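So the chains spell out like this:
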Amino acid sequence: MRDFARSDHPRVQAQLDRLGRLSVPDGRLGLETIHVLLDRLGNPHRALPPVFHVAGTNGKGSTCAFLRAMLEAQGYSVHVTTSPHLVRYNERIRLAGKLIGDERLASLLSEVLDAGEDLGPSFFEVTIAAAFLDFARIPADACVVEVGLGGRYDATNVLEPAVLAACGIAALGIDHERFLLAPEDGVPSDPVARIAFEKAGIAKAGVPLACLSYPQAAQQEIEAAAARAGAPLSARGAEWAAETGRHLFYRDAEGELALPLPSLPGAHQAVNASLAIAMLRAQDVLPVTPHALAQGIEQAAWPARLQRLAPGPLAGHREIWLDGGHNADAGRMLGTHFAGQQLHLVLGMLDAKDPAALVDPLAPMITSLAVVPVPGHDWHPAEAIAPSARFFPDIVNALAAIPEDGLPVLIAGSLYLAGDVLRRNGEAPE
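Residues numbered from 1 in each chain as written. Predicted model: local features only at pLDDT ≥ 70, side-chain atom pairs only at ≥ 80, totals over all residues. Heavy atoms only, no water.

Once that is clear, we can look at the overall build of the chain. The secondary structure content of the chain amounts to 14 helices and 17 strands. Computed over its C-alpha atoms, the radius of gyration of the chain comes to 21 Å, within 12% of the 22 Å expected for a compact globule of 430 residues. If one aligns the C-alpha atoms of the chain with their principal axes, the spans along those axes are about 55 × 50 × 45 Å. Within the span of the chain, comprising 430 residues, buried residues form 58% of the whole. Counting contacts in the chain only where the partners sit at least 6 residues apart, residues at least 24 apart contribute 73% of the total. (Helix = DSSP H or I, 4+ residues; strand = E, 2+ residues; numbered from the N terminus. Rg over C-alpha atoms; globule rule 2.2 N^0.38 Å. Buried < 20%, exposed > 50% of the residue type's maximum accessible area, 1.4 Å probe, protein only. Contact = heavy atoms within 4.5 Å.)

What follows is the structure in structure tokens.
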């Protein structure tokens, strides 16, 4: 899998050009390359502050955002690595609360590439090695690490029990089939079970593993993985429970909490917040009070996930929503959120994704459907999505053609498209 990145800083761009030339041979799996790269760098992954490691198909990024907000509300300084970036590559590495600066990023990437470019590492392996290298150098109280793809063979899965405070598995669904569902001896063939098997590969001996509730086949795989690893399992519906009403009610063996609902839009965000709480309450390395949990729920921010755009150069003063979701679970979430409304949909999807995953759940709500390219990637043309879909060369032209009739506009289908939208509207994450 290849990623793309651009920077206005010449030294950063020089290193991003080197990153862009990297490729991974099809079929290469395993952690051997990242282990060798980290060894050349002094094994920084063994010298990290306590780490919260999060996998999942949907919601893992939001769970990381809640974890960071809750830990920071407690007064802890937090390193974070998430992916992909939306506008700037710097978003992938947050050092003690702040995005890495350009000069530091240029030097860091140069150091990692110089150490291991001959290994043929992937874009993501270099990124994770760079993040872990600076996480080990700069003091902080905690790290929040988002899995990139899968779990078992993800570059972040070099993390060892000695540095892990807790692991978590967010919502599961079918995505990245080419990588995660390739036939392999000794692993489940059922797609749902296989996805759970891959995500649960982050389980580690003695490290609490918090998860949601899943279909039986997936739940069994996660339980089996936790048992094999010797990871104490904290599952929704067994060790903890969460319900929503006027508040978020969370219960576990330590008692019940009545917490505010998340400020992030979407009913699914209460689930992600609950998983973050379960992870924090399953571990005893970094205490977090109910007051800090409540503050974090209200303060967490996660761009391009059901985000209403602020007034700006692109959005003007219209009601425009942005979501980077691109699979069936994301489509169901959007369908639930906008149920009973009419809207204009602007869609841009990579050609490896299924447009029906978003269009079908939203079909009763769609008044008009515009299709735009995903900048820098191969994408689905309008005729492949729906007979009524109209093509526009970019998001500016698409929005200009939509009548200002008071209906909301939803831009969806790709985080890469979402990044272009945020850049044009002057809302780059900070």
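Right, let's get into the sheet that holds strand S16 (residues 390–391). One open sheet accounts for six strands, arranged S12-S13-S17-S14-S15-S16; its pairing is mixed. Of all the strands in the sheet, the pair left with one neighbour each is strand S12 (307–308) and S16. (Pairing = 2+ DSSP bridges.)

Moving on: the environment of Ala55. Note on placement: Ala55 falls in strand S1 (residues 51–55). When its relative accessible area of 0% is taken as the criterion, Ala55 is described as buried. Ala55 has contacts with Lys60, Val147, Gly150, Gly168, Ile169, Ala170, Lys199 and Ile202, leaving out every residue within four places of it along the chain.

What follows is about the side chain of Asp323. Structurally, Asp323 is set in strand S13 (residues 320–323). One buried charged residue, Asp323, remains without a salt bridge, the closest side chain of opposite sign being Arg305 at 6.8 Å. Excluding residues within four positions of it along the chain, Asp323 makes contact with Ala304, Arg305, Leu306, Met333, Leu334, Ile411, Ala412 and Gly413. (Lys, Arg positive; Asp, Glu negative; His and termini not counted. Salt bridge = Lys/Arg side-chain N within 4 Å of Asp/Glu carboxyl O.)

The next thing to look at is the packing of helix H7 (residues 191–199) against helix H8 (residues 216–229). At a closest axis distance of 8 Å, the pairing of H7 and H8 adopts a crossing angle of 30°. Considering the angle they form, H7 stands roughly parallel to H8. Crossing of H7 against H8: the hand is right-handed. Here Val192, Ala193, Ala196 and Phe197 of H7 lie close against H8, whose contacting residues are Ala217, Ala218, Glu221, Ile222 and Arg228. A per-class count over the contact of H7 with H8 returns seven nonpolar, no polar and two charged. (Axes fitted to C-alpha atoms, helices over the stretch in contact; angles between N-to-C directions. Parallel < 35°, antiparallel > 145°, perpendicular 65-115°, else oblique. Left-handed = near helix turned anticlockwise from the far one by under 90°. Nonpolar A, V, L, I, M, F, W, Y, C, P; charged D, E, K, R; others polar.)

Our next topic: the sheet that holds strand S10 (residues 248–252). Two strands in a sheet stick together by hydrogen bonds in their backbones, pointing the same way (parallel) or opposite ways (antiparallel). Pairing is antiparallel across the open sheet formed by three strands, whose spatial order is S9-S10-S11. Both edges of this open sheet fall to strand S9 (240–244) and strand S11 (255–259), since each of them pairs with a single strand only. Between one strand axis and the next, the sheet turns through 15° on average, direction left out of account. Note: S9 against S10, five bridges, orientation antiparallel.

Turning to the pairing of S10, a few remarks are in order. Of the two faces of S10, the one lined by Leu248, Tyr250 and Asp252 is fully buried and the one lined by Phe249 and Arg251 carries no buried residue. Hairpin connection, S9 to S10: the antiparallel pair is bridged by three residues. In sequence, S10 turns back onto S11 through a hairpin of two residues.

Think of it this way: side chains of opposite charge can pair up when their charged atoms draw near. This model, assessed by the stated rule, comprises 18 salt bridges. The shortest N-O distance in the salt bridge between Glu146 and Lys60 comes to 4.0 Å. Of this pair, Glu146 sits in strand S5 (residues 142–146) while Lys60 sits in helix H3 (residues 60–73); the two residues are 86 residues apart in sequence, bridging distant segments of the chain. The exposure classification of Glu146 matches that of Lys60, with both residues buried. The residue Glu111 makes a salt bridge to Arg137 at a minimum N-O spacing of 2.6 Å. On the criterion of sequence distance, the pair formed by Glu111 in helix H4 (residues 102–116) and Arg137 in helix H5 (residues 123–137) is long-range, its members being 26 residues apart. Through salt bridges that share partners, Arg104, Glu111, Asp134 and Arg137 make up one connected network.

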